[in-house]
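Structural overview for review
The chain contents come next:
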Amino acid sequence: MASYTELQASLLLGDVMRVLDERPDTRRAGLEALATHDAEQGSELSRSLLGYLYGFGDVARGRSKRSTFTPIPSATGSRKSIVLSGISIDDRDQRLVAMLQLRLALNGKALTKAPFPTL
């Protein structure tokens, strides 16, 4: 059994993802468009961008940490997904928002139920 301290980051992330899920008006339109493009075209540019962000700019490193990334060549897929999403890759806040929003888009709905019962 894990303690609250060990789960704190996951719990906080769950809360943030829930807010993002419930408030679509807070999402970046370019990232929504990228996810829509993937769905319509059968491409995986969202995964490529998320891999780039997870790997701190090194898509191969990001893919090696997670088994769900596409083998799109890093330079081509990442550049195209950055351009289509409209994010500024040099802005750390935009990178963080992109990671959260792409995780939500690729993984479906946020947690709908609290992991622990409330008192």
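Our structure is the block above this text.
My aim in this report is to walk through the structure given alongside it, one point at a time. Being a predicted model, the structure only gives us computed values, none of them experimental.

Right, let's talk about the nonpolar core for a bit. Counting 13 residues, the largest nonpolar core has L31, L49, Y52, L53, I87, I89 and L102 as its most contacted members. Where this core is concerned, the elements lending two or more residues are α2 (29-41), α3 (45-54) and α6 (92-107). Residue contributions to this core peak at six residues, all from α3. Apart from the residues within four sequence positions on either side, L31 is in contact with L49, S85, I87, V97, A98, Q101 and L102.

Relative to each other, α2 and α3 sit at 130 degrees, their axes nearing to 8 Å. When the axes of α2 and α3 are compared, the pair comes out oblique. Judged by residue contacts, L31, L34, A35, H37 and D38 of α2 engage L45, S46, R47 and L49 from α3. Residue composition of the contact of α2 with α3, by class: five nonpolar, two polar and two charged.

Take the side chain of R27 next. Along the chain, R27 turns up in the loop between α1 (4-22) and α2. Within the structure, the side chain of R27 is placed 3.1 Å from the backbone oxygen of L20, a separation counted as a polar contact.

All right, on to the pattern of salt bridges then. Summed over all chains, the structure comprises four salt bridges. For E32, the salt bridge goes to R27, with nearest N and O atoms at 3.8 Å. Each of the salt bridges in this network shares a partner with another, and the network as a whole consists of D21, R27 and E32.

Tracing the backbone through its elements, the reader meets G30 in helix α2. Here the alpha-carbon distance between G30 and G86, two residues 56 residues apart in the chain, equals 5.5 Å.

Let's shift gears to the environment of H37. The residue H37 is located in helix α2 in this model. You can call H37 partly exposed: its relative accessible area is 25%. It is 9.2 Å that separates the C-alpha atoms of H37 and L84, two residues lying 47 residues apart in sequence. Among all residues touching H37, those that are not within four sequence positions of it are G42, S43 and L45.

Reading the values: the criteria
Residues numbered from 1 in each chain as written. Predicted model: local features only at pLDDT ≥ 70, side-chain atom pairs only at ≥ 80, totals over all residues. Heavy atoms only, no water. Core = buried A, V, L, I, M, F, W, Y, C linked by side-chain atoms within 4.5 Å. Buried < 20%, exposed > 50% of the residue type's maximum accessible area, 1.4 Å probe, protein only. Helix = DSSP H or I, 4+ residues; strand = E, 2+ residues; numbered from the N terminus. Contact = heavy atoms within 4.5 Å. Axes fitted to C-alpha atoms, helices over the stretch in contact; angles between N-to-C directions. Parallel < 35°, antiparallel > 145°, perpendicular 65-115°, else oblique. Nonpolar A, V, L, I, M, F, W, Y, C, P; charged D, E, K, R; others polar. Polar contact = N/O pair within 3.5 Å; in protein donor to acceptor, adjacent residues only side chain to side chain. Salt bridge = Lys/Arg side-chain N within 4 Å of Asp/Glu carboxyl O.

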